[in-house]
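Single-letter residue listing:
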Amino acid sequence: MKALLEAESVGHSYPGGQLGCEDVSFRLYPGEVLGVVGESGSGKSTLLGCLSGMLEPSNGIVRFDVGGQGLRDVFSLSEPERRLLMRTDWGIVRQNPRDGLRMNVSAGGNVGERLMAVGARNYGNIRNEALDWLTRVEIPSSRVDDLPRTFSGGMQQRVQIARILVSKPRLIFMDEPTGGLDVSVQARLLDLLRGLVRDLGVAAVVVTHDLAVVRLLSDRLMVMRQGRVVETGLTDQVLDDPQHPYSQLLVSSVLQA
Amino acid sequence: MNSQAFHSVDGTYNFAYLDEQTKRMIRRTLLKAIAVPGYQVPFGGREMPMAYGWGTGGIQITASIIGKDDTLKVIDQGADDTTNAVSIRRFFQRVSGVKTTEETQKATLIQTRHRIPEKQLTENQILVYQVPQPEPLWKLEPREVETRKLHAYSEYGLMHVKLYEDISRHGEIITTYDYPVEVNARHIMSPSPIPKFDNPKMAMMPALQLFGAGREKRIYAIPPYTRVRSLDFDDHPFEIQRFEDPCALCGAEGVFLDEVILDDKGDHMFVCSDSDHCRERRAAGHAGHRASDAASIGFVSSEGEA
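All values derive from a computational prediction rather than experimental measurement.

1. A closer look at the pairing of strand 8 (residues 203-208) of chain A
Residues and elements named next belong to chain A.
Moving on, step 1. Counting buried residues along strand 8, six of its six residues qualify, which places the element largely inside the surrounding structure.
Moving on, step 2. Covered by surrounding structure in strand 8 are Ala-203, Val-205 and Val-207 together with Ala-204, Val-206 and Thr-208, the residues of both alternating faces.
Moving on, step 3. Direction of pairing for strand 3 (residues 33-37) relative to strand 8: parallel, over a ladder of five bridges. Looking at the pairing, Val-37 lines up with Thr-208 of strand 8.
Moving on, step 4. Across five bridges, the pairing between strand 7 (residues 171-175) and strand 8 is parallel. Each bridged residue has a counterpart across the sheet, and for Ile-172 the counterpart in strand 8 is Ala-204.
Moving on, step 5. On the question of chirality, the crossover connecting strand 7 to the parallel strand 8 by way of helix 7 (residues 183-200) is right-handed.

And the structure:
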C-alpha cells in the first residue's frame with residue numbers, strides 16, 4: 001500500500017532557537033487516523049503546522065501523495081500548487097471555529113466556498129451540495145442561511161467539518177477538534193467524526209491533549225514530549241500498556257469520572 | 001460652460017498642478033496598468049488640494065495625461081453640474097487652462113464619478129474613473145497580503161461567495177453597483193461604484209479606461225477593445241437594471257434613470273442620470289411626460305440648463 005503522507009526527520013525551531021519539534025518521522029496510509037498526544041508545549045501544534053503546509057520545517061521533509069502520482073515534497077511545490085492542495089485534497093479543522101469559518105458568511109456560503117474555489121458556477125448545485133453536507137453533520141437545513149455566529153460552539157465546529165469535507169479531501173488535520181465543548185456535545189461530535197472518517201475513508205491526523213478523543217478516533221498514536229516523539233504504537237496498546245515513563249504518567253493522570 | 005477660461009489660468013502652479021516628475025511616475029504606472037489589464041498597480045499618490053474621497057485618484061490621472069489641446073468633461077453621477085464635477089472642472093481650468101465641455105462627443109478626456117456616459121465613446125477619448133475602493137475582495141478578505149495572492153494565483157472563488165450570499169438571502173444578486181468584473185479573462189476588478197447598468201459598456205469599449213484610487217494609491221486600466229465580463233452563476237445570469245418608464249424630461253428609454261423628488265408631498269419623477277444626454281435629446285425636440293411641469297417648477301430652465 002502506498003503511503004499518503006510521510007514525515008522524515010521533521011523538526012522545527014523558532015527564531016531565537018526555541019525548539020518546536022524535532023526528528024519526527026512517520027508514514028500515514030490512506031484511511032488511517034493518527035493521533036498525536038502530549039501536554040501543552042510538547043510541540044504538537046508545531047508538528048501539525050509543518051505537516052499541513054502552513055509552517056515550513058527547519059529540518060526534514062514532508063511528502064504527500066499529490067494527485068495520486070506518488071510522494072512529493074510539500075515545500076518544493078510552488079505556492080499556488082500548495083494552496084490548491086490545501087483547499088482540495090486537505091482540510092484543517094481548527095480548534096476555534098472562528099479561525100476556520102468566515103463568520104460573516106452564511107453556513108451555506110461557508111460550505112460552498114471550496115466548491116466555488118475550484119470552479120463551481122451553478123448556484124443550484126452548490127446550494128444542494130451545501131445542504132446535503134450540512135444535513136450530514138446534523139445541522140437542520142432551515143439554518144443554511146444563518147450566520148455561524150448565531151450557532152452554538154458545537155454547531156460551528158460541525159459547519160467547519162462540513163466546509164472541509166465538501167471538497168472530498170483525502171487527508172484532514174484536526175487541532176483539538178473538541179476543545180472548549182462540553183462533554184455531551186464532544187461525544188456527539190466524536191461520534192459524527194468517527195462515522196464520517198470511516199464512511200469516507202479519509203485519513204486524518206488528530207492533535208489533542210485529550211486521551212479519550214484519540215481512544216475513539218485514532219488507529220495509531222504518537223506521544224510527544226518536549227518536541228520529541230517518546231512512544232508510538234497502536235492506540236489501544238499505548239493507552240492500555242504504556243511503556244515510556246511519560247506515557248505512563250499521561251495515562252495515569254486522566255481523571256476517572 | 002463651453003466658454004473658455006483663459007483669463008483665470010493660475011501661473012503659480014505647474015501646468016495641470018502636478019510637477020513633471022510626479023506626472024512621469026504616474027504615466028509609468030499607467031503604462032504598466034494598461035499592459036496588465038485589471039491589475040492594480042501601486043503608485044506614489046500625492047496629496048491633492050482636496051479631501052480623499054472626492055476624486056483625488058482620478059484627478060491625479062487626469063493631471064498626468066491632460067495636454068493643452070485636450071477638451072475636458074467632468075461628470076459626477078452622470079451630471080456635469082453637481083458639486084464634485086463643477087469643482088474639479090474649475091480646478092483644471094485654473095491650473096491648466098484647457099477647454100472644457102459638457103458635451104460627451106466634444107470631450108477628449110472625461111473624468112467620471114460613478115457613471116459611464118450614455119453615448120458610445122470613441123477611440124479618441126479617454127475615460128478616467130474615480131475609485132474609492134479598488135479591491136473587489138476587501139469585504140471578504142481584509143488582509144491585503146492575502147488579496148494580492150488571490151489575484152496573483154487567480155483564486156477567485158471568494159468573489160462568488162459574495163454573489164452566493166446575495167442569492168441565498170434575497171433570491172437574486174442584489175449587488176447593483178460596484179459589480180465585480182473579470183477583465184481580459186484574467187483579473188477580477190472593481191469597476192468603481194458605477195451602476196451595474198453600465199457594466200456591459202465597459203466591454204470592448206473603443207476608449208481607453210483608466211481607474212485611479214487616491215486614498216488606496218492604486219491605478220488600474222482597461223485598454224480599448226478588451227473583454228470585460230460581469231461575474232455570475234450559470235443559473236443566475238448577470239442582468240442590468242430595467243426601468244418601467246422612460247425619462248420624464250426627454251422620454252429616453254434604455255438609459256439609466258435617477259429618481260428626483262419634486263415636492264414634500266411625495267411627487268417624484270425619473271430622469272436621465274446623464275444630464276448631457278438628456279439636454280441633447282430635449283434640444284432635439286424630444287419631450288417626456290413631465291417635461292412641461294419640470295419647466296414650471298424651475299427644474300429645467302428654458303435654455304435647457306438644469
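2. Examining the packing of aromatic side chains
Moving on, step 1. Under the defined criterion, the tally for this structure stands at 13 aromatic pairs over all chains.
Moving on, step 2. Here the aromatic rings of Tyr129(B) and Phe211(B) are separated by 4.1 Å at their centres, their planes lie at 10 degrees, and the arrangement is stacked. Here Tyr129(B), found in strand 5 (residues 126-130), pairs with Phe211(B), found in strand 8 (residues 208-213); they are 82 residues apart in sequence, far enough to count as distant.
Moving on, step 3. For Tyr129(B), a relative accessible area of 0% gives the class buried.
Moving on, step 4. Under the relative-accessibility criterion, Phe211(B) is labelled buried at 0%.
Moving on, step 5. Their ring planes at 5 degrees and their centres at 4.7 Å tell us that Phe211(B) and Tyr220(B) sit as a pair that is stacked.
Moving on, step 6. Look at Tyr220(B) and you get buried, because its relative accessible area is 0%.
Moving on, step 7. Through successive ring pairs, a cluster of aromatic residues spans Tyr13(B), Tyr17(B), Phe91(B) and Phe92(B).
Moving on, step 8. Sitting over the face of the ring of Trp133(A), Arg136(A) holds its NZ or CZ atom 4.2 Å from the ring centroid.
Moving on, step 9. Stacked on the ring of Phe15(B), the Lys or Arg Lys68(B) has its end atom at 4.5 Å from the ring centre.

3. Overview of the pairing of strand 2 (residues 19-28) of chain A
Residue and element names in this part refer to chain A.
Moving on, step 1. Examined bridge by bridge, strand 1 (residues 5-13) and strand 2 share six bridges and lie antiparallel to one another. Bridging from a neighbouring strand, Leu-5 pairs with Leu-28 of strand 2.
Moving on, step 2. Hairpin connection, strand 1 to strand 2: the antiparallel pair is bridged by five residues, and Gly-16 has positive phi, about 100 degrees.

4. Overview of the nonpolar core
Moving on, step 1. Judged by nonpolar contacts, the single largest core of 55 residues is most densely connected at Val111(A), Leu134(A), Val159(A), Ile161(A) and Phe233(B).
Moving on, step 2. Residue assignment for this core shows that the elements contributing at least two residues are helix 4 (107-117), helix 5 (123-136), helix 6 (153-165), strand 7, helix 7, strand 8 and helix 8 (211-217) of chain A together with helix 5 (157-170) of chain B.
Moving on, step 3. One finds Leu47(A), Ile92(A), Phe173(A) and Met224(A) within the second-largest nonpolar core, a separate group that totals 30 residues.

5. Things to note about the packing of helix 1 (residues 20-35) of chain B against helix 2 (residues 56-65) of chain B
Residues and elements named next belong to chain B.
Moving on, step 1. Interhelical geometry of helix 1 versus helix 2 gives an angle of 105 degrees and a closest axis separation of 9 Å. As judged from the angle between their axes, helix 1 and helix 2 are roughly perpendicular. In contact with Lys-23, Ile-26, Arg-27 and Leu-30 of helix 1, helix 2 contributes Gln-60, Ile-61, Ala-63, Ser-64 and Ile-65.
Moving on, step 2. For the contact of helix 1 with helix 2, the class distribution of residues is five nonpolar, two polar and two charged.

6. Things to note about the confidence of the model for chain B
Residue and element names in this part refer to chain B.
Moving on, step 1. Averaged over all residues, the pLDDT of chain B equals 92, while 93% of them reach at least 70.
Moving on, step 2. Counted against residues more than four places away or in other chains, residues 302-306, with its pLDDT under 50, gives seven contacts.
Moving on, step 3. Complex prediction metrics read pTM 0.88 and ipTM 0.87.

7. Thoughts on the interface of chain A and chain B
Moving on, step 1. Every contact between the two is made by 22 residues of chain A and, on the other side, 22 residues of chain B.
Moving on, step 2. Its largest share of buried area at the contact with chain B, chain A owes to Arg83(A), Arg121(A) and Tyr123(A), together 37% of the area lost on that side.
Moving on, step 3. Scanning the region where chain A abuts chain B turns up five salt bridges.
Moving on, step 4. For the salt bridge of Glu155(B) with Arg83(A), the shortest nitrogen-to-oxygen distance reads 3.0 Å.
Moving on, step 5. On the surface where chain A and chain B come into contact, there are 13 residue pairs in polar contact (both at pLDDT 80 or more).
Moving on, step 6. Elements with a minimum of two residues in the side of chain A that touches chain B: helix 2 (79-88), helix 4 and helix 5 of chain A.
Moving on, step 7. The dominant element in the side of chain A that touches chain B, judged by the number of residues it contributes, is helix 4 of chain A, at five residues.

8. Side note on the sheet that holds strand 6 (residues 181-183) of chain B
Residues and elements named next belong to chain B.
Moving on, step 1. Reading across from one edge, 7-6-10 is the order of the three strands in this open sheet, with antiparallel pairing throughout. If you trace the sheet from one side to the other, it starts and ends with strand 7 (187-189) and strand 10 (228-230), each paired once. Put simply, the sheet's adjacent strands are angled 30 degrees from each other on average, direction ignored.
Moving on, step 2. Strand direction decides the pairing type here: strand 6 and strand 7, joined by three bridges, are antiparallel. Within strand 7, the residue paired with Glu-182 across the bridge is Ile-188.

9. Some thoughts on the sheet that holds strand 1 of chain A
Residue and element names in this part refer to chain A.
Moving on, step 1. The antiparallel open sheet is built from four strands, whose spatial order is 2-1-4-5. The open sheet terminates on both sides in strands that have one partner only, identified here as strand 2 and strand 5 (71-73). Averaged over all pairs of adjacent strands, the angle between strand axes in this sheet comes to 25 degrees, irrespective of strand direction.
Moving on, step 2. For strand 1 and strand 4 (residues 59-65), the ladder comprises five bridges, and the chain directions are antiparallel. Bridge assignment links Glu-6 to a residue of strand 4, and that residue is Arg-63.
Moving on, step 3. On top of the sheet, helix 1 (residues 44-51) reaches strand 1, strand 2 and strand 4; it is set at about 125 degrees to strand 1, its chief contact.

Basis of the calculations
Residues numbered from 1 in each chain as written. Chains lettered and ligands numbered in written order. Predicted model: local features only at pLDDT ≥ 70, side-chain atom pairs only at ≥ 80, totals over all residues. Heavy atoms only, no water. Buried < 20%, exposed > 50% of the residue type's maximum accessible area, 1.4 Å probe, protein only. Helix = DSSP H or I, 4+ residues; strand = E, 2+ residues; numbered from the N terminus. Pairing = 2+ DSSP bridges. Right-handed = clockwise from strand over helix to strand, strands pointing away. Phe/Tyr/Trp six-rings, centres within 6.5 Å; stacked < 30°, edge-to-face > 60°. Lys NZ or Arg CZ within 6 Å of the ring centre and 35° of its normal. Core = buried A, V, L, I, M, F, W, Y, C linked by side-chain atoms within 4.5 Å. Axes fitted to C-alpha atoms, helices over the stretch in contact; angles between N-to-C directions. Parallel < 35°, antiparallel > 145°, perpendicular 65-115°, else oblique. Contact = heavy atoms within 4.5 Å. Nonpolar A, V, L, I, M, F, W, Y, C, P; charged D, E, K, R; others polar. pLDDT = per-residue confidence, 0-100. Buried area = accessible area lost by both parts, 1.4 Å probe. Salt bridge = Lys/Arg side-chain N within 4 Å of Asp/Glu carboxyl O. Polar contact = N/O pair within 3.5 Å; in protein donor to acceptor, adjacent residues only side chain to side chain.

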